Amino acid sequence: MRLVAALPVSLLACLPALAQLSLPDPPYTPPDPSTATQTANGTVPNRQWSNLIGNLLYFYDEQRSGKLPPAERVPWRNDSALEDGSDVNLDLTGGYYDAGDYVKYTFPLSFSLMSICWGALDAGQGYELANQTAYLDDMLRWGLDWLVKAHSSSNTLFVQVGDGNLDNAYWGGDRTIPTPRPSYQINDTSPGTDAAAQASAAFAACSALYANRTLSATSATTALANSSYASTLQRHANELYAFAIDASGGMQTYQTAVPQSGDAYASSAYTDDLAIAALFLALTNSGSNGTSYYADAVKWFYSGNLGPQLHLGDETVFNWDAKTPGVPILAAQLASSYPDVASGSNATLEVWQSVIEGYFDGIVNGRGRSYLTDGGLLIFPGDSDEASLNPALNVAMLMMRYAQSNLTTSQDARDRYTAFAQGQLNYALGKNPMSVPYVVGTHPNSPANPHSAISTGFAPPNGSLTAPEDLDGDPPEEAYVLFGGVVGGPAADDRFWDLRSDWVQNEVALDYTAPLLTLAAQALVRGDGDPYYTQVRAGAYEEVRPGGWPCDAAIQTGCKHSGLSTGGKIAVGVVVSVVGVIIVALGAYWVWRVRGRRY
C-alpha cells in the first residue's frame, strides 16, 4: 500500500494500460517427466511441444529474485535479496539470478530478453497455441521491469548486483544468500558501450513485440499488444543507445569500467552490440528515424569489421558476447518486411543474403572452423568448451528463423538450413549417443543433477559459506527439480556424466534456455510432429552413462596428465628451444671455422 500511495497520480492513471495479461487459473505446472515418452497422437496443437514451452518458461520463474508475486507457481522458492540496491539508495530488487548462483548480471540478461522477444516477433503464435502467452508476458516483464530499475537515469545503468567471489563460495538456499551484495554501474564518465547497447537492443526488441510490430505476418502474435508498455520500453531503448554512443567517457567495453563483471562475462567488443541495437531501433521507429537507425547499423557493421567474423575459418558464434551472426539476419528481415527503412542504402536485402548464406553454408558443409561430433552436435572449438549446446542451439535458432522467414535465395538453401537446424534441435532433445534430452525435468532421462545452488537443497552449517565436501553426493538427490533448465551439455566426444560439481556440463543459465524457447515456438507454428524425446526409451541413459570422470574447466580428474603441469610443459619447451638454437649456432660456427682452414 505504501508503494501505491507514493506513486504520482499521472503514473497511477497509466497502470491499467500497463497491466499484463491475466495468468491461467489453474496455473500451468510441469507434468511428470514420464509423460514425455508418450506421443501426442496428432493432437493440435501438439501437446508435447506445448509442454516443452511451458517447462522452459517455468524455469525463469525458478530463477526469480526479489519479492515473489502471490501467484508464484514454484512452491519451493522464497522471497530473496530484498535489500538489493540499498548500497546506492535504489530499489534494485527483482530480476533473475543468472545461472546456478545468486548474482544478477545485466549483460547476459539483456541478451536473453532480446533473443526471446525476437523469437516471439517471428513465432509468437507458438506461445498462443501452447496457451503460454500470458506466461511469456509475465516472464518478460519480470526481467524488463528490473532493467528499467537498473537504468536509473539516462546515462546510468547498473550492470551487476552481487559479489561474484562471495557468491561462488556459497552453496545454499535462497533464504540465506550472503551479503553484502554490492551494486556496480556504468555511467557517463565510466561507460560501457556494449552493455548499454545490448540493454538498448533488449528494450527495443521487446518494445517492438508489445507495439505489435512484426517480422512475420503469418506467425506473429497480437495478444501482447500494449502501446503504453511499448512506449516505456522504447524510451529506455532510445536513451541507452544515445548513452552508448555519446558518453563523455568515450566508447569502451563495460568491464573496463566494472572489472568485477569481467570475471564472469567479459565482452570482447562493442560494435556488434551497437549494430544489433540500431537494427531493433529501426524496427521500432518509422519514417526517417527508422532509416537513420538502419544507416547506423550498416556503419557499425562495416566500421567494426564484423563481416570477416562470418568468413570461413573465422566464423564467430551467436551468444551473450557475440551478436555478429544475428546482424545480417535481422537486417535482411527488416529490408524484406520494411523496405522503406533500407531505402537509399547500399546494404540491400541481397547484400545481407550473401553474407549470411556464406556463413551458414560454411557451417552446413563443414568448411569452416566448426565441426560435427560423431553424434552430430555442432562444435565451435573454444566457444563450445564450457557450454557445448549453447552455440549449436543458437545457430539452429538463427538458421530456422532465416529459412522460415522465406529469405533464402533458393529452395535448396531453405531445405538445407532447415534440416541442419532440425538436427541440432533433435540432438538437444535426445537424439544423441547418451539418449539424454538436455532439459531438466522434461523426460525420465533428463539431467538429474543440475549445477544450481537454488535447487540442490544443501544447507551450509551454522549459516557459513562452506560448500559440501562431496558436491555430487551431498545431498544424494537434489531437493527440487529445476524444471525447464537447459544444461551446458556434453563433452566434444558426446559423453555426459550428469555430475552436479561439473558446472561446464551441468550448470543452467538464462541464456542457455532462450534459444530452445524460440525453436519450440517455431515447431508449433510449423505444425511439426512430436519432439524427438518421445522416441527416447526411459532408462537408456543409465545403460551408456560413462564411467570415470570428465576433463574440462570444472573437473580435471579425467584429464590425461603427463606428470608436468601446463607451466612445466611450457618451461621445458622453452629450454629445449633455446638449447636447440645454441646447438645450431655452434654447428654453424664450427662449419665456418673448418671452411676457413680448408680455404
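To keep things clear, this report deals only with the structure shown in the data block. Since this is a predicted model, take the numbers as computed values, not measurements.

Concerning the overall build of the chain
Secondary structure summary: the chain contains 21 helices and five strands in total. Taken over the C-alpha trace, the chain has a radius of gyration of 25 Å; the compact-globule value for 599 residues is 25 Å, and the two agree within 12%. By principal-axis analysis of the C-alpha atoms, the chain measures approximately 105 × 65 × 55 Å. Long-range pairs, those at least 24 residues apart, make up 75% of the contacts in the chain between residues at least 6 apart in sequence. Considering the chain, the positive charge centre built from 32 side chains and the negative charge centre built from 58 side chains are found 7 Å apart.

Remarks on the sheet that holds strand β1 (residues 104-105)
Pairing between the strands of a sheet is mediated by backbone hydrogen bonds and can be parallel or antiparallel. Strand order across the open sheet formed by three strands is β1-β2-β3, with antiparallel pairing between neighbours. With one partner strand each, in any of the chains shown, β1 and β3 (183-187) form the two edges of the open sheet. Here β1 runs beside strand β2 (residues 156-161); their pairing, made up of two bridges, is antiparallel. If you follow Y105 over to β2, its bridge partner there is Q160.

Overview of the pattern of salt bridges
Within this structure, the stated rule accounts for 22 salt bridges. Between D383 and R369 there is a salt bridge, with the nearest N and O atoms lying 2.5 Å from each other. Note that D383 is positioned in the loop between β5 (378-379) and α15 (389-404) and R369 in the loop between α14 (349-364) and β4 (371-372), a separation of 14 residues in sequence. Judged by relative accessible area, R369 falls into the partly exposed class, the value being 24%. Here R537 and E543 are joined by a salt bridge, their closest N and O atoms 3.0 Å apart. Among the ionic contacts, a cluster of salt bridges with common partners joins D61, R64, E72, R73 and D138.

With respect to the packing of aromatic side chains
Under the counting rule described, the total for this entry stands at 23 aromatic pairs. Centroid distance Y60 to Y96: 5.8 Å. Interplanar angle 75 degrees. Geometry classified as edge-to-face. In this pair, Y60 is assigned in helix α3 (residues 47-62) and Y96 in the loop between α3 and β1, connecting sequence segments 36 residues apart. Side by side, Y60 and Y96 carry an identical accessibility label, which is buried. Aromatic pair F107 and Y254: ring centres 5.1 Å apart, planes at 45 degrees, arrangement tilted. Of this pair, F107 sits in helix α4 (residues 106-129) while Y254 sits in helix α9 (residues 254-257), and the two are 147 residues apart along the sequence. Judged by its relative accessible area of 1%, Y254 falls in the buried class. One aromatic cluster is present, built from ring pairs that chain together Y105, F107, Y254, Y265 and W320. Of note, R73 hangs over the ring of Y135, and the distance from its end group to the ring centre comes to 3.8 Å. Above the plane of the ring of W300 lies K299, whose end atom (NZ or CZ) is 4.3 Å from the centre.

What counts and how
- Every chain's residues receive numbers from 1 upward, in the order its sequence appears when written.
- The model is predicted, so local features are restricted to residues of pLDDT at least 70 and side-chain atom pairs to those at 80 or more, both for listing and for counting; the totals for chains, interfaces and linings are taken over all residues.
- Excluded from the side-chain calculations are hydrogens and water; all other atoms, namely the structure's heavy atoms, are used.
- Segments assigned H or I by DSSP are reported as helices when at least four residues long, segments assigned E as strands when at least two residues long, and all are numbered from the N terminus.
- Note that the radius of gyration is over C-alpha atoms, with the globule rule given as 2.2 Å times the number of residues to the power 0.38.
- Contact criterion: two residues are considered in contact whenever any of their non-hydrogen atoms come within 4.5 Å of each other.
- In this count, Lys and Arg are taken as positive residues and Asp and Glu as negative ones, while His and the chain termini are left out.
- The atom standing in for a charge is NZ when the residue is Lys, CZ when it is Arg, CG when it is Asp and CD when it is Glu.
- For two strands to pair, DSSP has to find at least two bridges joining them.
- Salt bridge, as used here, is a side-chain nitrogen of Lys or Arg placed within 4 Å of a carboxyl oxygen of Asp or Glu.
- Buried residues are those whose accessible area, probed at 1.4 Å on protein chains only, stays under 20% of the maximum for their type, while exposed residues exceed 50% and partly exposed ones sit between those limits.
- Centres within 6.5 Å make a pair out of two Phe, Tyr or Trp rings, where for Trp the six-membered ring is used; the pair is then stacked when the planes are under 30 degrees apart, edge-to-face when over 60, and tilted otherwise.
- Here, a charge over a ring is recorded when the distance from Lys NZ or Arg CZ to the ring centre is within 6 Å and its angle to the ring normal is within 35 degrees.

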